[in-house]
Structures are given as C-alpha cells and as structure tokens.
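Descriptive structure summary
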Amino acid sequence: MIKGLLRFVIAVIFILSGFVKAVDLVGFSFKMEEYFSPAVFNMPFFEKFALLFSVIVVTLELLLGFLLLLKLKLKFTLSALIALCVFFGFLTFYSAYFNVVTDCGCFGDAIKFTPWQSFIKDIVLLLALIVLFILYRKEFKKKDTYTYSEKKESNTIRYILLAVFSVVMIGIGTYGILYEPVIDFRDYKIGTDLKAEKEKINKNPSEYKTFYSLKNQKTGEILKVNQDDYIKETKYWAEGSPWKIEEGKNESVLVKEGYKSEIVKFKIEDPSGMDVTEEVINAPKAILVFSYHPKEVSPELLKQVEAKVKAEKANVVYGVSTDPNTFKNIKNMMMDGTAIKTIARSNPFILVLQNGKIIDKQPAKEYIR
C-alpha cells in the first residue's frame, strides 16, 4: 500500500507539472529561451528551437507520469523519471546558485517557486523515485503474476487510457500554440482589474536594500554592508577611509515581500518616455494592440488590425510594442518585451480594458475574423 501510494503521488505530481506547461507551451518556451540566452548557458542558436524543446520536455513529463500512474513499463518509466529529475535538478541548482533564472516554470504560471524551492523539490522527487525503484525492484524480475488472458485484458484497457490521455493533451497543447491557453493561469486573465491590482501593489510594495561590497585598501578585507549601516558608520566613507566601494559588485536584496503580481510590470510609455499607464487604466474603454516581436508580424495583418480597432471608437487606442515605428495608423507606445509576453502569447494580440478591467483578450488573427 505504501509503495502504491508513493507511486500515485509521484505520478500525479509529474502529470500536473506537465499539464500546466502543456496548456501554455509558448509560455514555457519563453522560459527555455532564458536558459539558452547568453546570460545563462550562452547557447543562443538553440533559442529558435525553444518551442520544440518545450514540447519534448512536456511530452516526457506527461507520458512518463501517466505510465507510472497506470503501472506500465515500470522499470523503464522509473529509470527515465530518475534521469529527468537529475536533469531538472541540474537546471534548478544552476539557476539558484548563480541566480540567473528566477522562476524555472516547473508548474508554469499556476504555482510559482523560487530557484532554491525548485531545486529542493527536484531533490525530494529524485529521492522518492529512487526509493520507489528499490521497492519495486523485485517486481521487475517477475514474468507474470496473472494468467495470460487477464494480463492482456488489463494492459489493453491501460493502453487505451494512455492513448485517450495522449490525444486530449495533444489537442490542449496544439490549441495553446495556435491561439491562447485553454486555461489562463496568468495574472492577466479576463476579469482582472488592473487598476485594483495597481492599488494593492502601491499599498503594499516590496522593499529592497542595497548591499555595498567594500574593500579595505590596506588589509584587502572585503565586507558586505547594507545602505543604512554604510550611511551610519562614517568609517566607511569619511575622508581618508581605507574602505572603498567595489564597482559592479553591489547587490539589491529583497527585505520585505510586498503584494506579488505580474501587474507590477504593466507600464506603458510613449516613444519619448512619458508614462501613459494611468491614462490607459482609467479610460472608460481602451483597446491595445500588443506585439513583442513586431518584425515577425505581417504588415498586412497589422493594417487590418489597426483598421478594426480604429473603427471601435474606444477612448484610448494604442499600439504597444518594443519598436516605436511598428504601427502606422494608431499611436505607437512602448513596453518591455518580457512584460508583453506575460500578458498573452500571441503575436500580435488585442487587449480590451473597461475602466482598467480586462474584458477581452484574443489573438489578432481571431480578432479580425
């Protein structure tokens, strides 16, 4: 009973982890791009294949998790899951130790983990899988505890369930790639009040402190001193002091966790740098056309989208991208590309706000139909 329960729990964890990523494969591919970027593994060539790698990883998680749940190919399944956990453990340790990817995306946008939490989760899973492998090792050698007909019938049903599960997940993943996720786990789901979220963030902001890296020019000693202590202690900055700040080694450290929301990154500026966010979220109706890769968008598609949004006669109609010259017939506004990707996965896409509340969000191709 114990090993059956452990097998069930581990299987469900892998299936859930794979499911939330399968729902939003494009979003998971953005996370893969981070790992391939120059700041992490410096393999920019693989960035163009991020979506393919995402599909492979998610397929392995789902398939192996369901095989474990159905108790099929048990030795192979457990061995493959152990190898997968070792791989994930390396990635999460690297992210945590070097602080390069702050969210591994293990459970997509549904559940957020810090890098160290992700690493600990992978280690616990790895140990649990090793224990499970040991508990089931005797069964690997058994030829068959059932009669031939009973085994055939049992396995047939299991393989049918596996096939049905695979077809459903392929459909969900494909829909998310072509359109938008079937289930939206992001902070920008339809119904979200951006104005209310901004107010919550302003009332309970996160607090950071700067830690200076100081080096004693006489002894070579190095100290980490927070900004408050640095100001209080004159010995660190008074004339003739041997302590000097080491350039490029200062750190900003979170000292108080405030209200957490991706809405904190919702900041729209005009090409001159003027913030127009308040105008957008306070408008009775605002229609925004977003593009995180404007050079990849068909000019004809943009032309059709611009014509339709202008015909809507909303109070605010803006085109928001990473290039100030993207849109020809509506006003160009600017926003960080990563922040745009957190709102929706399509490129481009339309966001409709009513007094700051999201009432519609859809891919541009669907919007113009």
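A brief structural summary. (Residues numbered from 1 in each chain as written. Predicted model: local features only at pLDDT ≥ 70, side-chain atom pairs only at ≥ 80, totals over all residues. Heavy atoms only, no water.)

On to the packing of helix 3 (residues 50-70) against helix 4 (residues 74-98), then. Viewed as axis vectors pointing N to C, helix 3 and helix 4 meet at an angle of 140°, and their least axial separation amounts to 10 Å. By the angle class used here, helix 3 and helix 4 are oblique. Between helix 3 and helix 4 lies a crossing of left-handed hand. Of the residues in helix 4, those touching helix 3 at Val57, Leu60, Glu61, Leu64, Leu67 and Leu68 are Leu74, Phe76, Thr77, Leu78, Ala80, Leu81, Leu84 and Phe88. (Axes fitted to C-alpha atoms, helices over the stretch in contact; angles between N-to-C directions. Helix = DSSP H or I, 4+ residues; strand = E, 2+ residues; numbered from the N terminus. Parallel < 35°, antiparallel > 145°, perpendicular 65-115°, else oblique. Left-handed = near helix turned anticlockwise from the far one by under 90°. Contact = heavy atoms within 4.5 Å.)

To continue, consider helix 8 (residues 194-203). Note: α-helices contain 3.6 residues per turn, so residues at a spacing of three or four share the same orientation. Residues of helix 8 that are buried: Leu194, Glu197, Lys198 and Ile201. Buried residues of helix 8, viewed axially, fall in a sector of 100°; they line one side. Taking the backbone nitrogen of Lys195 as reference, a side-chain oxygen 3.1 Å away marks Asp193 as the first, capping residue of helix 8. (Buried < 20%, exposed > 50% of the residue type's maximum accessible area, 1.4 Å probe, protein only. Arc of directions from axis to C-beta. Polar contact = N/O pair within 3.5 Å; in protein donor to acceptor, adjacent residues only side chain to side chain.)

The next point concerns the pattern of salt bridges. A full pass over the atoms with the stated rule returns 18 salt bridges. A salt bridge links Asp24 to Arg345; its shortest N-O distance comes to 2.6 Å. Of the two residues, Asp24 is situated in the loop between helix 1 (2-23) and helix 2 (25-36) and Arg345 in the loop between helix 12 (337-343) and strand 8 (349-354); the sequence distance between them amounts to 321 residues. For Asp24, a relative accessible area of 9% puts it in the buried group. In this structure, Lys224 and Glu251 form a salt bridge, with 3.5 Å as the shortest nitrogen-oxygen distance. Here Lys224 is found in strand 2 (residues 222-226), whereas its partner Glu251 is found in strand 4 (residues 251-256), with 27 residues between them in sequence. (Salt bridge = Lys/Arg side-chain N within 4 Å of Asp/Glu carboxyl O.)

Core analysis: the largest hydrophobic core is formed by 37 residues, its most contacted members being Ile10, Phe14, Leu68 and Leu129. At the level of secondary structure, the elements contributing two or more residues to this core comprise helix 1, helix 2, helix 3, helix 4, helix 5 (115-135) and helix 7 (148-178). By size, the runner-up hydrophobic cluster in this structure holds 29 residues, among which are Tyr188, Leu288, Met333 and Met335. (Core = buried A, V, L, I, M, F, W, Y, C linked by side-chain atoms within 4.5 Å.)

Taking 1.5 Å per residue, twelve residues should reach 16 Å; helix 2 reaches 16 Å between its end C-alpha atoms and fits that length. Summarising burial for helix 2: ten of the twelve residues are buried, a large majority. Those residues of helix 2 lying buried are Leu25, Val26, Gly27, Phe28, Ser29, Phe30, Lys31, Met32, Tyr35 and Phe36. (Expected span 1.5 Å × (residues − 1).)

The next thing to look at is a nonpolar patch on the surface. A cluster of nonpolar side chains, Met43, Phe45, Phe46, Phe49, Leu52, Ile56 and Leu60, forms an exposed patch at the surface whose accessible area comes to about 590 Å². By relative accessible area, Phe45 is classed as exposed at 51%. (Patch = residues over 30% accessible without salt bridge, like charges linked within 9 Å, V, L, I, M, F, W, Y side chains within 5 Å. Areas by Shrake-Rupley, 256 points an atom, 1.4 Å probe, with all protein chains shown as cover.)

With that out of the way, let us pick up the sheet that holds strand 7 (residues 331-334). Pairing is mixed across the open sheet formed by five strands, whose spatial order is 7-6-5-8-9. Across the chains shown, the open sheet's two edge strands, defined by having one partner strand only, are strand 7 and strand 9 (357-363). Recorded for the sheet is a direction-independent mean angle of 25° between the axes of neighbouring strands. (Pairing = 2+ DSSP bridges.)

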